[in-house]
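Letter by letter, the chains look like this.
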Amino acid sequence: MGLILKKKLKYKIGKNPVIREPTIIYPDNIIGDNFQTGHFVVIRQNNKIGNNVSIGIHSDVAFNVIIEDNVRIHSKCFIPEFSIIKKNAWLGPNVVFTNDKYPGSREGKSNLKGPIIGEYAKIGANSTILPRVKIGKYALIGAGTVVVKDVPDYAIVVGNPGKIVGDIRDLKKFDILD
Ligand SMILES: CC(C)(COP(=O)(O)OP(=O)(O)OC[C@H]1O[C@@H](n2cnc3c(N)ncnc32)[C@H](O)[C@@H]1OP(=O)(O)O)[C@@H](O)C(=O)NCCC(=O)NCCS
């Protein structure tokens, strides 16, 4: 028997998309202009994706995710449901977000909530961000960090568990790009 759709699905991709094969985009997504995906990207349903967003090879976006304008997501990232990535944030390769603190528990399943990544924050390669964590604007998460609690604006955080080791405004070699 075929699939019976009970509600009207919203589906929109803006101007000038570059969708590299084989990308799979489920119905019920609202996506802005200049959207780009690398090969083998999967985007499930009911996401809101802004303008000028790019999502790299083998990345996996679940559902009920908000990705704002100018966000760049590198290769092999995992963005589970109820995650929010604010404008101009940047994710390095193999970044993993989580949304269920106690996997397999009924409590966890009914309270899924991913991280909130602040504007212009940068997440280094192979980092893991625990559920509900808020990463402040312009924060810089070092490679391989496990972020277990909220990160203030501009903080540099490294290690497992992630600890604040500095402030990017003191990092002379780092220009804050607008
Ligand atoms: C966090 C980061 C910005 C720090 O850069 P920095 O301020 O120049 O720091 P330094 O290289 O001078 O290292 C300072 C100290 O932090 C440690 N450190 C640096 N990066 C670290 C990291 N990611 N995790 C744990 N420790 C780290 C160094 O070992 C050093 O320790 P020590 O003082 O005991 O010797 C950088 O190392 C980093 O991880 N950048 C992200 C890279 C990335 O993922 N890019 C993605 C694009 S592919």
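A short tour of the structure in this document, coming up. All values reported here derive from a predicted model rather than from experimental measurement. (Residues numbered from 1 in each chain as written. Predicted model: local features only at pLDDT ≥ 70, side-chain atom pairs only at ≥ 80, totals over all residues. Heavy atoms only, no water.)

1. What about the overall build of the protein chain?
The helix and strand tally for the protein chain stands at one helix and 23 strands. Taking the principal axes of its C-alpha atoms as reference, the protein chain extends roughly 60 × 40 × 20 Å. Among the 178 residues that make up the protein chain, the fraction classed as buried is 40%. Across the protein chain, every contact between residues at least 6 apart in sequence was considered, and the portion connecting residues at least 24 apart equals 15%. A total of about 10000 Å² of accessible surface is found on the protein chain, and carbon and sulfur atoms cover 55% of it. Once the 26 positive and 16 negative side-chain charges of the protein chain are each reduced to a mean point, those two points are 4 Å apart. (Helix = DSSP H or I, 4+ residues; strand = E, 2+ residues; numbered from the N terminus. Buried < 20%, exposed > 50% of the residue type's maximum accessible area, 1.4 Å probe, protein only. Contact = heavy atoms within 4.5 Å. Areas by Shrake-Rupley, 256 points an atom, 1.4 Å probe, with all protein chains shown as cover. Lys, Arg positive; Asp, Glu negative; His and termini not counted. Charge placed at Lys NZ, Arg CZ, Asp CG, Glu CD.)

2. As for the environment of Trp90
Positionally, Trp90 belongs in strand β14 (residues 90–91). In this structure, the C-alpha to C-alpha distance between Trp90 and His58, residues 32 residues apart in sequence, is 16 Å. Contact partners of Trp90, with chain neighbours within four places excluded, come to Arg72, His74, Ala121, Lys122 and Ile123.

3. Some thoughts on the packing of aromatic side chains
Note on aromatic pairs: each is described by the distance of the centres and the angle between the planes. Within this structure, the stated rule accounts for two aromatic pairs. With a centroid separation of 4.7 Å and an interplanar angle of 5°, the aromatic rings of Tyr120 and Tyr138 are classed as stacked. Remark: Tyr138 occurs in the loop between β19 (134–135) and β20 (140–141) and Tyr120 occurs in the loop between β16 (116–117) and β17 (122–123); sequence separation between them is 18 residues. Judged by relative accessible area, Tyr120 falls into the buried class, the value being 14%. An aromatic cluster is defined as three or more aromatic residues linked by ring pairs; in this entry it consists of Tyr120, Tyr138 and Tyr154. The positively charged end of Arg169 is found above the aromatic ring belonging to Tyr154, 3.8 Å away from the centroid. (Phe/Tyr/Trp six-rings, centres within 6.5 Å; stacked < 30°, edge-to-face > 60°. Lys NZ or Arg CZ within 6 Å of the ring centre and 35° of its normal.)

4. A few points about the side chain of Asn99
As for its placement among the helices and strands, Asn99 is situated in the loop between β15 (96–97) and α1 (106–110). A polar contact is formed between the side chain of Asn99 and the backbone oxygen of Glu81, at a distance of 3.0 Å. Not counting residues within four places of it along the chain, the set of residues in contact with Asn99 comprises Pro80, Glu81, Asn111, Leu112, Lys113, Gly114 and Pro131. (Polar contact = N/O pair within 3.5 Å; in protein donor to acceptor, adjacent residues only side chain to side chain.)

5. Some words on the pattern of salt bridges
Scanning the model with the defined rule gives one salt bridge in all. For Arg169, the salt bridge is made with Asp167, and the minimal N-O distance between the two is 2.8 Å. (Salt bridge = Lys/Arg side-chain N within 4 Å of Asp/Glu carboxyl O.)

6. Focus: a positive patch on the surface
On the surface, a cluster of positive charge is made up of Lys86, Lys113, Arg132 and Lys134. In this fold, Arg132 is placed in the loop between β18 (128–129) and β19. (Patch = residues over 30% accessible without salt bridge, like charges linked within 9 Å, V, L, I, M, F, W, Y side chains within 5 Å.)

7. Structural notes on the pairing of strand β23 (residues 163–167)
Of all the five residues making up β23, zero are buried; the element is thus mostly uncovered. Sheet analysis places strand β22 (residues 155–158) next to β23, joined by four bridges and oriented antiparallel. Bridge pairing in β23 links Ala155 to Asp167. Taking the residues between adjacent antiparallel strands as the criterion, β22 and β23 are bridged by four residues, where Gly159 takes a positive phi near 95°. (Pairing = 2+ DSSP bridges.)

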